[in-house]
Amino acid sequence: MYLSVFDIFKVGIGPSSSHTMGPMVAAARFLDLLRASPFQAVGLRASLHGSLAFTGVGHATDRAVILGLDGFTPEHYDASRADEALARIRREARVKPAGLTALAFDPARDLIFDYEHALPGHANGMRLSATDAQGDVILAETYYSIGGGFVVTQAELEAGDSHDETGRNPVPYPFLTAADLLDMARRSGKSIAAMKRANELTRMDAKTLDAGLARLWHTMADCIERGLSTDGHLPGGLNIRRRAHAIHERLKAERGMNMTPPHTINDWMSVYAMAVNEENAAGGQVVTAPTNGAAGVMPATIRYWLDHVPTAQPSRIGEFLLTAAAIGGIIKHNASISGAECGCQAEVGSAAAMAAAGLAAVMGGTPEQVENAAEIALEHHLGMTCDPVKGLVQVPCIERNGLGAIKAVSAASLSLRGDGTHFVPLDACIETMRQTGQDMSEKYKETALGGLAVNVPNC
Ligand code: SF4
């Protein structure tokens, strides 16, 4: 399976890649099926299962499905049109996707949260169906939102590969594990980013790749800025106040003061991440990195490097992203980046590993030091559960991204103080994460049925 840097990092909408972006992508795929179908559909139905049902409202899954069936996509999401479209759909009980006739869809009747029947393939299952004038189903598909905005059908899941590479050019560095990655780096004398870049160039030209990388960073940077400048409360009912703006103002006021303790640098890293995750919680545009819940770690680490490390060079941001994507692809291929599958170790843990690798690379680390940085960051997130209060991607998620960025920077720094040799290989750490995730109770996998979600009063 080949995962592009643009599979690992995607421009999308908050608050969740698996519960918001994925269902919207699934709806878009179903509309494409309908457009290609010889049958004339009259109405639509949708059902959400497993984690999508349990935490769907908190993650705005209902909103994503309704808008998705109306033709909205994460990539081209227009926030200014969304509320008006939702009001129209609820009022008229129909959707109007481009290229199809208007289809009956009353969200109150046709969107079902099925808490009793989990689908067999994955915790995040959904079924979409189209009906004829008699109400009989004429087309149906089952989709699984497997994390990071990736969506597979039942058949694709059973085939075991959501990225069919049949007929595509082989990539020059087909690494599937960290051991492969290091071996290929030693043989080729190339950095991880250079190998990843060579792979990407079999799928697109250099101009497209560089423009795409620049767009990713600009979207991340804009998201930080919006989060730092926006005050108020987050939606969802927890009445959580946005904190990034006020903390940032205080940090700016304290800058240069003699009495500022050195650990204040941690607050800078946290505030960048919190800004992104507050935007995500508010349904704003973010870059999945590798998920929305963990979207703050990568941008915070890059912004920390740019603003606080004297040797930082903006021209190397592409190298940062490519290195991080190589590590993220290996984690996704061999374990998971989904909180619903393996808990938060797979989300914020993976993001921290990716960010640590990127930072170590742009600070001059060898491939061995880069692999070591990723391993340290992931190892010290092992076992971390996913237990968002009220199913909202707010508590513990927003602060957790700040702490993830701090760990990423510490891991990169520690690795650069050694020569890259270390006791635990990254592959062993990834396999440990996978096994730990398998053994983890379902209560701690994005169901909001355990942990903080049940121990913190939220009303
Ligand atoms: S606790 Fe972690 S995995 Fe769960 S929703 Fe929050 S960020 Fe995602």
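It should be emphasised that the depicted structure is a prediction, and the values quoted were computed from it without experimental measurement.

So, how was this worked out
Residue positions are counted from 1 within each chain, in the order its sequence is given. At least 70 in pLDDT is required for a residue's local features to be given in this predicted model, at least 80 for side-chain atom pairs to be given and counted, and no such filter applies to totals for whole chains, interfaces and linings, which use all residues. Hydrogen atoms and water are omitted, and side-chain values are computed over all heavy atoms in the structure. Strands here are runs of E lasting at least two residues and helices are runs of H or I lasting at least four, both read from the DSSP assignment and numbered beginning at the N terminus. Each residue gets one of three labels from its accessible area relative to the maximum for its type: buried under 20%, exposed over 50%, partly exposed in between, using a 1.4 Å probe on protein chains only. Axes here mean lines fitted to C-alpha atoms, for a helix over just the part in contact, with angles spanning 0 to 180 degrees between N-to-C directions. Roughly parallel covers angles under 35 degrees, roughly antiparallel covers those over 145, roughly perpendicular covers 65 to 115, and oblique covers all other angles. By the definition used in this description, the sense in which the near helix is turned from the far one sets the handedness, with an anticlockwise turn below a right angle giving left-handed and a clockwise turn giving right-handed. Any two residues whose heavy atoms approach within 4.5 Å at even a single point are treated as in contact. By the convention adopted, Pro, Cys, Tyr, Trp, Phe, Met, Ile, Leu, Val and Ala count as nonpolar, Lys, Arg, Asp and Glu as charged, and the other residues, Gly among them, as polar. Each pair of aromatic rings taken from Phe, Tyr and Trp, with Trp reduced to its six-membered ring, is defined by centres within 6.5 Å and is described as stacked if the planes are under 30 degrees apart, edge-to-face if over 60, and tilted in the remaining cases. A ring has a charge above it when a Lys NZ or an Arg CZ is no more than 6 Å from the ring centre and no more than 35 degrees off the ring normal. One heavy atom within 4 Å of a molecule or strand makes the whole residue count as near it. Within this scheme, the nonpolar core is defined by two criteria: the residues are buried Ala, Val, Leu, Ile, Met, Phe, Trp, Tyr or Cys, and they are joined through side-chain atoms within 4.5 Å. Salt bridge, as used here, is a side-chain nitrogen of Lys or Arg placed within 4 Å of a carboxyl oxygen of Asp or Glu. His is not counted, nor are the chain ends, whereas Lys and Arg count as positive and Asp and Glu as negative. For this quantity, the arc is that covered by the directions from the helix axis to the C-beta atoms.

Participant: Which parts of the structure should I look at to understand unusual backbone geometry?
Facilitator: When glycine is set aside, most residues are seen to have a negative phi, and most peptide bonds are trans. Cis rather than trans, the peptide bond between Ala289 and Pro290 has omega equal to 0°. Examined against the element boundaries, Pro290 turns out to sit in the loop between β9 (285–288) and α13 (297–308). Look at the link from Val395 to Pro396: it is a cis peptide, with omega at 10°. Residue placement: Pro396 occurs in the loop between α17 (367–379) and α18 (397–416). A positive phi angle, close to 55°, is found at Ala93, a residue other than glycine. Structurally, the position occupied by Ala93 is in the loop between α5 (79–92) and β3 (94–95). Note on Ala93: relative accessible area 26%, which makes it partly exposed. Not every positive phi belongs to a glycine, and Lys390 is a case in point at roughly 60°.

Participant: Is there a simple way to think about the packing of α13 against helix α16 (residues 348–362) in this case?
Facilitator: To characterise two packed helices, one gives the angle between the axes of the helices and the distance between these axes. The interhelical angle for the contact between α13 and α16, taken along N-to-C directions, is 25°, at an axis separation of 8 Å. Classified by the angle their axes make, α13 and α16 are roughly parallel. Where α13 crosses over α16, the handedness of that crossing is right-handed. The segment α13 lies against α16, with Val297, Met298, Thr301 and Trp305 engaging Val348, Ala351, Ala352, Met354, Ala355, Leu359 and Val362. When grouped by side-chain class, the residues that make up the contact of α13 with α16 number 10 nonpolar, one polar and no charged.

Participant: Would you mind going over the packing of aromatic side chains with me for this structure?
Facilitator: One pair of aromatic rings is described through two measures. These are the centre distance and the angle between the planes. The tally for this structure, following the rule as stated, stands at five aromatic pairs. Here Phe113 and Tyr115 contribute two aromatic rings whose centre-to-centre distance is 6.4 Å and whose plane-to-plane angle is 20°, an arrangement assigned as stacked. Residue classification places Tyr115 among the partly exposed positions, given a relative accessible area of 46%. With a centroid separation of 5.9 Å and an interplanar angle of 50°, the aromatic rings of Trp305 and Phe320 are classed as tilted. Remark: Phe320 occurs in helix α14 (residues 317–334) and Trp305 occurs in helix α13; sequence separation between them is 15 residues. There is no split in this pair, since Trp305 and Phe320 are both buried. By way of ring pairs, the aromatic residues Phe54, Phe113 and Tyr115 are connected into one cluster. One Lys or Arg, Lys10, reaches over the ring of Phe150 and ends 3.8 Å from the middle of that ring. In this arrangement the basic side chain of Arg203 is found over the ring face of Tyr2, its NZ or CZ atom lying 4.8 Å from the centre.

Participant: Just to check I follow, could you spell out the site of the ligand for this structure?
Facilitator: The environment of the ligand is formed by Gly293, Cys344, Glu347, Cys386, Cys397 and Arg400. Broken down by class, the residue content of the shell around the ligand amounts to three nonpolar, one polar and two charged.

Participant: Whenever I open this one, the environment of Met184 confuses me. Can you help?
Facilitator: As for its placement among the helices and strands, Met184 is situated in helix α8 (residues 178–188). Judged by its relative accessible area of 17%, Met184 falls in the buried class. Counting along the chain gives 12 residues from Met184 to Pro172, while the straight-line C-alpha distance between them is 9.8 Å.

Participant: Just to check I follow, could you spell out the side chain of Asn401 for this structure?
Facilitator: Of note, Asn401 is situated in helix α18. Here Asn401 falls in the buried class, since its relative accessible area comes to 0%. Those residues in contact with Asn401, other than ones at most four positions away along the chain, are Ala273, Asn277, Gly293, Ala294, Ala295, Gly296, Val297 and Val348.

Participant: Would you explain the nonpolar core in this entry?
Facilitator: Across soluble globular proteins, nonpolar side chains have a tendency to be buried as a group. Grouped together as the largest cluster of nonpolar side chains are 101 residues, with contacts concentrated most on Phe9, Met220, Met298, Ile302, Trp305, Leu321 and Ile327. Examining the composition of this core, we find that 12 residues originate from one element, α16, more than from any other. Contacts of Leu321, omitting those with residues within four sequence positions, involve Val5, Phe9, Leu213, Leu216, Met220, Met298 and Ile302. Judged by nonpolar contacts, the second largest core, of 34 residues, contains Leu34, Leu67, Leu111 and Tyr143.

Participant: Help me understand the pattern of salt bridges in this model?
Facilitator: When the charged atoms of two side chains lie near each other, side chains of opposite charge can form a pair. Evaluated as defined, the whole model comprises 22 salt bridges. One salt bridge in this structure joins Glu368 and Arg186, with 3.1 Å as the shortest N-O distance. Residue Glu368 is found in helix α17, and its partner Arg186 is found in helix α8; the two are separated by 182 residues along the sequence. Residue classification places Arg186 among the exposed residues on the basis of a relative accessible area of 54%. Arg303 serves as the salt-bridge partner of Asp307, at 2.7 Å between the closest nitrogen and oxygen. You can see Asp307 and its partner Arg303 sitting in helix α13, four residues apart, about one turn around the helix.

Participant: I'm lost on the side chain of Asp132 in this one. Help?
Facilitator: On the secondary structure map, Asp132 appears in the loop between β6 (124–131) and β7 (137–147). Arg45 is the oppositely charged side chain nearest to the buried, salt-bridge-free Asp132, at an N-O distance of 7.5 Å. Residue contacts for Asp132: discarding those within four places in its chain leaves Val42 and Ile138.

Participant: Explanation requested: helix α9 (residues 192–200) in the structure shown.
Facilitator: Along α9, the residues classified as buried are Ile192, Ala193, Met195, Lys196, Asn199 and Glu200. Down the axis, α9 shows its buried residues gathered within 160° of arc, on one side only. As for α9, its buried residues are in contact with α1 (5–8), α8, α10 (206–229), α14 and α17.

Participant: I tried to follow the environment of Ala453 on my own but got confused; where do I start?
Facilitator: In this fold, Ala453 is placed in helix α20 (residues 452–455). The buried category is assigned to Ala453, whose relative accessible area is 9%. Here the alpha-carbon distance between Ala453 and Asp231, two residues 222 residues apart in the chain, equals 25 Å.

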